[in-house]
Each structure stands twice: as structure tokens, then as C-alpha cells.
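Spelled out, the chains give:
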Amino acid sequence: MDLLPDQYFDELYSKDVALERVNESIRNAGMPEISVAPGYGRLLTFLISVSKARNVLEIGALGGYSGICLARELPEDGKLISLELKQEYADVAQMNMTAAGLGERVEYRVGDAKISLESLAAEGSRFDFFFIDADKESYPHYLEACIQLASKGAIIAADNTLLRGKTIDENKQGPSVLAIRHFNRIIAQDERLMGVHLPAYDGLALARVK
Ligand code: SAM
């Protein structure tokens, strides 16, 4: 039987022990298996590398899969701050980052990301790369907070802009769908951003803060 496109591309790359460990730890802990796909993770690593990002903010850590992808191409003095609602998930993510040799490069902040974002703003933090991948209803709020925390030229990436097709199904009108549609319009139309949507995976949005 033919390989699916993702399988075909994944098989071209070497086995990634650190990321396989994340998946195993997520299964063992009974956490949801909703990390980004391997190809998506490679794209995040690529974007960090080409953008020469140094200060990265992730919203939604889970077990550290995307965190490893974001942190592994950071320079020696680079740092990832990752916001996660659940202490037990942040603990698993920290363990996986440490096992990947990236433990010193990450700081987890546990609790509702909206509160953590307020603290980061109060501290005067600035970031040059953002990855939004948490509760979908808060995406418009997260986007505005990221714009406020962005250095000039910063990149914002966000997952799940298609919500497995719900975003483009006009019969779907739930709070997550409405929030993601609003988020997608901001990415496309806000004059502070240069945005692009890719219909890959579950929908990927990228924007550069002007
Ligand atoms: N980015 C992760 C990866 O690919 O490895 C996957 C993140 S998972 C899709 C979403 C995460 O967001 C979950 O770990 C969840 O606990 C977290 N989350 C949900 N609501 C949140 C909130 N209000 N504040 C912070 N984190 C939240």
C-alpha cells in the first residue's frame, strides 16, 4: 500500500530519539496525544533557525514536543518561556526537555496563560518568536498579547486554524470556531501584521509583526 505523504516524508529523516521519548512519556502518563506532527515540528525548528530567534514564547506546552522543536535551534544564550495550564504536564515537559539536553534553555510558567501573559508584560519581557497552541477560545486574546510583547519583526505561529474543518463549515458556530474565525481575520487583516495561512496539518497561521 502507498505511504501517506506525512509517512513518506517522515521516513526520510533520522529517528528522533528526543521526540520519540516525548510521545512515549505522553502515552505513559495518559496525557492527550495532541502534540504537533513530526513535519510540523521540523517546520518550527526551521523557522527558529532562519529567523535567528533568541527569545521564544510558547503558549501550550503539553509534554514538550513542540518545546524541543522550538528550543533545539536556539543560540547558547537563547531562551524559551512556555506557558502551561497544568502542573503535571509542565513537569513531563520539563523532564523531556532536560532529557533532550535543553533543560537550561526553558522556563515553564504554570497557570492560565492569560495571567502569565499579564505578568510577562508587567516584567517588560520581549520576544522575537511566538507559538500559540493552547485553548482555541483564547486565540484572539493570545494574539493581541503576543503583538504587545513582540519585538519589531517578530514571528507569530499558531496551530489549529482549521479546527479539523469546523472553521470553514458555516453550520458550526461554537465558541472555539467563532474565536478561530476571528483570529484568522486578524492574521489576514490587521495592519500591524503581515500574515499568511497555510492549509497544512490542521491549519497553520504565520504572521510577522511589522
Ligand atoms: N504545543 C504542544 C506540542 O505540540 O507539543 C501541544 C499543546 S496542546 C495542543 C495544548 C496545551 O495547552 C495543553 O497542554 C493544555 O493543558 C494547554 N492549555 C489549555 N488551556 C490553557 C490555558 N488557559 N493556559 C495555558 N495552557 C493551556
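No experiment lies behind these values; they were computed from the predicted model shown.

Calculation criteria
- Residues numbered from 1 in each chain as written.
- Predicted model: local features only at pLDDT ≥ 70, side-chain atom pairs only at ≥ 80, totals over all residues.
- Heavy atoms only, no water.
- Buried < 20%, exposed > 50% of the residue type's maximum accessible area, 1.4 Å probe, protein only.
- Helix = DSSP H or I, 4+ residues; strand = E, 2+ residues; numbered from the N terminus.
- Arc of directions from axis to C-beta.
- Contact = heavy atoms within 4.5 Å.
- 1 Å grid on protein atoms, 1.4 Å probe; cavity = no way out; pocket = protein on both sides within 12 Å on 5 of 7 lines; lining within 4 Å.
- Points joined across faces, edges and corners; volume = space filled by probe spheres on them.
- Near = heavy atom within 4 Å.
- Polar contact = N/O pair within 3.5 Å; in protein donor to acceptor, adjacent residues only side chain to side chain.
- Areas by Shrake-Rupley, 256 points an atom, 1.4 Å probe, with all protein chains shown as cover.
- Sits in = over half its atoms within 2 Å of the grid points.
- Nonpolar A, V, L, I, M, F, W, Y, C, P; charged D, E, K, R; others polar.
- Lys, Arg positive; Asp, Glu negative; His and termini not counted.
- Salt bridge = Lys/Arg side-chain N within 4 Å of Asp/Glu carboxyl O.
- Core = buried A, V, L, I, M, F, W, Y, C linked by side-chain atoms within 4.5 Å.
- Axes fitted to C-alpha atoms, helices over the stretch in contact; angles between N-to-C directions.
- Parallel < 35°, antiparallel > 145°, perpendicular 65-115°, else oblique.
- Left-handed = near helix turned anticlockwise from the far one by under 90°.

Trainee: Help me out: how do you make sense of helix H6 (residues 113-122) in this one?
Mentor: In an α-helix, one turn spans 3.6 residues; hence positions three or four apart end up facing the same way. For H6, the set of buried residues is Ala113, Ser116, Leu117 and Leu120. Within H6, the buried residues cover an arc of 100 degrees as seen down the axis, which keeps them to one side. Facing away from the buried side of H6, by more than 90 degrees, are the exposed residues Ile115, Glu118 and Ala122. Those residues of H6 that are buried lie in contact with strand S1 (55-59), strand S2 (79-84), strand S3 (106-110), strand S4 (127-132) and helix H7 (139-149). Downstream of H6 by a residue or two, glycine 124 has a phi angle that is positive, lying close to 75 degrees.

Trainee: Where do I start with the layout of surface pockets in this structure?
Mentor: To find leftover empty space, one rolls a probe the size of a water molecule over the atoms. Taken as a whole, the largest pocket holds about 820 Å³ of empty space. Looking at the second largest pocket, its volume works out to about 300 Å³. Taken together, 16 residues line the second largest pocket, and the ones lying closest to its centre are Ser14, Asp16, Leu19, Pro38 and Arg42. If you list the elements that add at least two residues to the lining of the second largest pocket, you get helix H2 (17-28), helix H3 (38-51) and helix H4 (65-71). Considering each element in turn, the lining of the second largest pocket owes the most residues, four residues, to H3.

Trainee: Please explain the environment of serine 116 as it appears in this structure.
Mentor: Counting through the fold element by element, serine 116 comes out in helix H6. When its relative accessible area of 8% is taken as the criterion, serine 116 is described as buried. Measuring from C-alpha to C-alpha, the distance between serine 116 and leucine 83 comes to 7.0 Å, with 33 residues separating the pair along the chain. The residues contacting serine 116, other than those within four sequence positions of it, are Leu83, Arg109 and Gly111.

Trainee: Would you take a moment to explain the site of the ligand for this structure?
Mentor: Around the ligand there are 20 residues in total, and Val36, Gly60, Ser66, Glu84 and Asp133 lie nearest to it. Within the contact set of the ligand, an oxygen atom lies 2.8 Å away from a backbone nitrogen or oxygen of valine 36. Relative to its free-state accessible area of 600 Å², the ligand is covered by the protein chains to the extent of 90%. One can see that the ligand is located within the largest pocket. Tallied by class, residues from the shell around the ligand come to eleven nonpolar, four polar and five charged.

Trainee: Would you mind going over the side chain of aspartate 202 with me for this structure?
Mentor: Looking at the secondary structure, you find aspartate 202 in the loop between strand S6 (193-198) and strand S7 (204-209). Despite being buried, aspartate 202 has no salt bridge partner; arginine 164 is the closest side chain of opposite charge, sitting 5.0 Å away. Of the polar contacts made by the side chain of aspartate 202, one reaches the backbone nitrogen of leucine 163; its length is 3.3 Å. Residue contacts for aspartate 202: discarding those within four places in its chain leaves Asn160, Thr161, Leu162, Leu163 and Arg164.

Trainee: I would appreciate a short explanation of the side chain of glutamate 58 in the present structure.
Mentor: Of note, glutamate 58 is situated in strand S1. Comment: no salt bridge for buried glutamate 58; closest opposite-charge side chain is lysine 136, at 11 Å. The residues touching glutamate 58, leaving out its near neighbours within four places in the chain, are Ser66, Gly67, Leu70, Leu80, Ile81, Ser82, Leu83 and Phe131.

Trainee: For this particular structure, what's the right way to read the nonpolar core?
Mentor: Soluble globular proteins tend to bury their nonpolar side chains together. The biggest cluster of nonpolar side chains holds 35 residues, and the ones touching the most others in it are Val56, Leu70, Leu80, Met97 and Phe129. Looking at this core, the elements that each hand over two or more residues are H2, H3, H4, helix H5 (87-99), S3, S4, strand S5 (150-159) and S7. Ile59, Ala113, Leu149 and Val209 belong to the second largest nonpolar core, which has 32 residues in total.

Trainee: Looking at this model, I keep getting lost on the packing of H2 against H5. Mind explaining?
Mentor: A packed helix pair is summarised by two numbers, namely the angle formed by the two axes and the spacing between the axes. One way to put it is that H2 packs onto H5 with a least axis distance of 10 Å and a crossing angle of 155 degrees. If you check the angle between H2 and H5, you find them roughly antiparallel. Where H2 crosses over H5, the handedness of that crossing is right-handed. Residues Arg21, Val22 and Ser25 of H2 touch H5, and the partners they reach there are Val92, Met95, Asn96 and Ala99. Grouping the amino acids of the contact of H2 with H5 by side-chain chemistry returns four nonpolar, two polar and one charged.

Read these as spatial facts, not as claims about activity.
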